[in-house]
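# Structure at a glance
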Amino acid sequence: MLYSLCFLLFMIGLYCVLVKKNMIKIVIGILLMEYAVNLFLVMLGWRKLAEEAVAPIAAGGDLLDKAGTVSQLFVSRAVDPLPQALVLTSIVIGLGSLALMVAICIRIYEKYGTFDITKIRRLKG
Amino acid sequence: MEIFYILMVLMLIAGIIAVETTNLLSAVICVGAVGFGSAVMYLFLKAPDIALTQTVVEVLGLVILIRATISREKSFISGDREFFAVVVSVVILFLIFVIGTGIFADMPPFGDAAFARIPDSASQVYLENGVKDTGAANIVTAVYLDYRVYDTLGEATVLFTSVVGAIVILRKKSRKLLFEEDPL
């Protein structure tokens, strides 16, 4: 059910990209799709257990000795760390691509005086 | 559990407003609501590192987007594409949604992480040996900066390239014109 809601957010973004004529709206649609995918990947690692799930950070009681052996309780309760690390990368790359998209939008606005993609037809050298 | 549904519905409402409003500035602010909603959701999903990153990135992204929309004369939106195209795309998107949600029936339900069933999965190995191998108590940091550090290097490269691209696109004069004398 929660996965379906996440997919619905993705679909709203896709609708925005396909239907809207304004360039900033298209950028917003791409952003919405990005949020939905990131959220879905982190949701995959969530664990609903009898006791409470913990973040994948080995706090004081979970470390058994100086060598770094962690308790079995921590391993059985921690959420998935791998999607979290990869989504961290994805979020930062999303910021980079957003900056590039907005730069292109500003440049097109300076050249054509509009954000409407159906009016940007002339080729100018 | 209920907090996830509440936050998700709030994000959906903000997303719909962002798509359908006619004022660009309010659309951008609604996208910010979606982003900060997902940051709160990451906190409840026990991912504090992502929540921090999402908050910082969201602030920067909003500043960039507001810079693009503010003080433009035409900040109001003309409308959608032709009626027929809108109807066709809505029908196709609805079909994709109905068929796509069928996939979730075959997946493990929310809260039943698939990695916990596989004893030697990468996540399980990272959780068991992460502190021993890397010395970092935070396993996400251990993956990000030790096990998969080449991934992080690639990310830094992509970020650098996109910033260079944005600067090149936004530059007013070309490099040649900047340094050459005017021929007249």
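Shown above is the structure to which this text applies.
Note that the structure is predicted; figures quoted are calculated from it, not measured.

### What about the overall build of chain B?
When helices and strands are counted, chain B shows 8 helices and 0 strands. The helix and strand sequence of chain B, counted from the amino end, reads α-α-α-α-α-α-α-α. Put simply, chain B has 184 residues, and 36% of those count as buried. Here chain B has roughly 10900 Å² of accessible surface; of this, 70% comes from carbon and sulfur atoms.

### A short note on the packing of helix α4 (residues 81-112) of chain A against helix α3 (residues 48-69) of chain B
Put simply, α4 of chain A and α3 of chain B touch, their axes get as near as 10 Å, and they point 5° apart. It follows that α4 of chain A is roughly parallel to α3 of chain B by the angle criterion. Of the residues in α3 of chain B, those touching α4 of chain A at Q84, V87, L88, I91, V92, L95, L98, A99, V102 and I106 of chain A are D49, I50, T53, Q54, V57, L60, G61, I64, L65, R67 and A68 of chain B. Of the residues in the contact of α4 of chain A with α3 of chain B, the class split is 15 nonpolar, 4 polar and 2 charged.

### Thoughts on the side chain of D116 of chain A
The topology assignment puts D116 of chain A in the segment after α4. In terms of polar contacts, D116 of chain A uses its side chain to reach the side chain of T118 of chain A, at 2.8 Å.

### Description of the interface of chain B and chain A
Every contact between the two is made by 91 residues of chain B and, on the other side, 80 residues of chain A. Roughly 8200 Å² of surface becomes buried between chain B and chain A when both sides are summed, with 75% attributable to carbon and sulfur atoms. Summed over the shared surface of chain B and chain A, the result is 1 salt bridge. Taken together, chain B and chain A are joined by 9 residue pairs in polar contact (both at pLDDT 80 or more). Contributing elements (two or more residues each) for the side of chain B that touches chain A: α1 (2-20), α2 (24-44), α3, α4 (83-106), α5 (122-134), α6 (139-147) and α7 (149-170) of chain B. When grouped by side-chain class, the residues that make up the side of chain B that touches chain A number 54 nonpolar, 19 polar and 18 charged.

### So, the packing of α6 of chain B against α7 of chain B
All names here are of chain B. Look at α6 against α7: their axes get within 5 Å of each other, and the N-to-C directions meet at 75°. The angle between the axes of α6 and α7 places the two elements in the roughly perpendicular class. Here α6 contributes V143, Y144, L145, D146 and Y147 to the contact with α7, which in turn contributes V149, T152 and E155. Split into classes, the residues belonging to the contact of α6 with α7 amount to 5 nonpolar, 1 polar and 2 charged.

### Looking at empty space enclosed by the protein
Counting across every chain of the model gives 1 cavity of 30 Å³ or more. Looking at the largest cavity, its volume works out to about 110 Å³. Every residue lining the largest cavity is counted, 15 residues in all, and those nearest its centre are L31, Y35 and L98 of chain A together with V57 and E58 of chain B. Where the lining of the largest cavity is concerned, the elements lending two or more residues are α2 (23-43) and α4 of chain A together with α3 of chain B. With 6 residues, α3 of chain B is the largest single contributor of residues to the lining of the largest cavity.

### Some thoughts on the nonpolar core
With 81 residues, the main nonpolar core has L39 and M43 of chain A together with M8, Y42 and L45 of chain B as its most contacted residues. Element by element, the count of residues in this core is highest for α4 of chain A, at 12 residues. Apart from the residues lying within four places of it in its own chain, the contact partners of L45 of chain B are L39, V42, M43, W46, V79 and Q84 of chain A together with F4 and F110 of chain B.

### Let's talk about the state of the cysteines
What is meant by a disulfide is a covalent connection between two cysteines, made through their sulfur atoms. Throughout the structure, instances matching the rule amount to 0 disulfides over all chains. Free of any disulfide, C6 of chain A has its nearest neighbouring cysteine sulfur in C16 of chain A, separated by 17 Å. Unpaired in this structure, C16 of chain A has its nearest cysteine sulfur neighbour in C30 of chain B, at a distance of 12 Å. Note on C16 of chain A: relative accessible area 0%, which makes it buried.

### Some remarks on the layout of surface pockets
Considering only enclosed or pocket space, the largest pocket measures out at about 210 Å³ in volume. If you trace the largest pocket, you find it lined by L8, M11, I12 and Y15 of chain A together with I16, V19, E20, V90, L93, F94 and F97 of chain B. Looking at the lining of the largest pocket, the elements with two or more residues in it are α1 (2-19) of chain A together with α1 and α4 of chain B. Here the lining of the largest pocket is built from residues that sort into 10 nonpolar, no polar and 1 charged.

The rules behind the values
Residues numbered from 1 in each chain as written. Chains lettered and ligands numbered in written order. Predicted model: local features only at pLDDT ≥ 70, side-chain atom pairs only at ≥ 80, totals over all residues. Heavy atoms only, no water. Helix = DSSP H or I, 4+ residues; strand = E, 2+ residues; numbered from the N terminus. Buried < 20%, exposed > 50% of the residue type's maximum accessible area, 1.4 Å probe, protein only. Areas by Shrake-Rupley, 256 points an atom, 1.4 Å probe, with all protein chains shown as cover. Axes fitted to C-alpha atoms, helices over the stretch in contact; angles between N-to-C directions. Parallel < 35°, antiparallel > 145°, perpendicular 65-115°, else oblique. Contact = heavy atoms within 4.5 Å. Nonpolar A, V, L, I, M, F, W, Y, C, P; charged D, E, K, R; others polar. Polar contact = N/O pair within 3.5 Å; in protein donor to acceptor, adjacent residues only side chain to side chain. Buried area = accessible area lost by both parts, 1.4 Å probe. Salt bridge = Lys/Arg side-chain N within 4 Å of Asp/Glu carboxyl O. 1 Å grid on protein atoms, 1.4 Å probe; cavity = no way out; pocket = protein on both sides within 12 Å on 5 of 7 lines; lining within 4 Å. Points joined across faces, edges and corners; volume = space filled by probe spheres on them. Core = buried A, V, L, I, M, F, W, Y, C linked by side-chain atoms within 4.5 Å. Disulfide = S-S within 2.5 Å.

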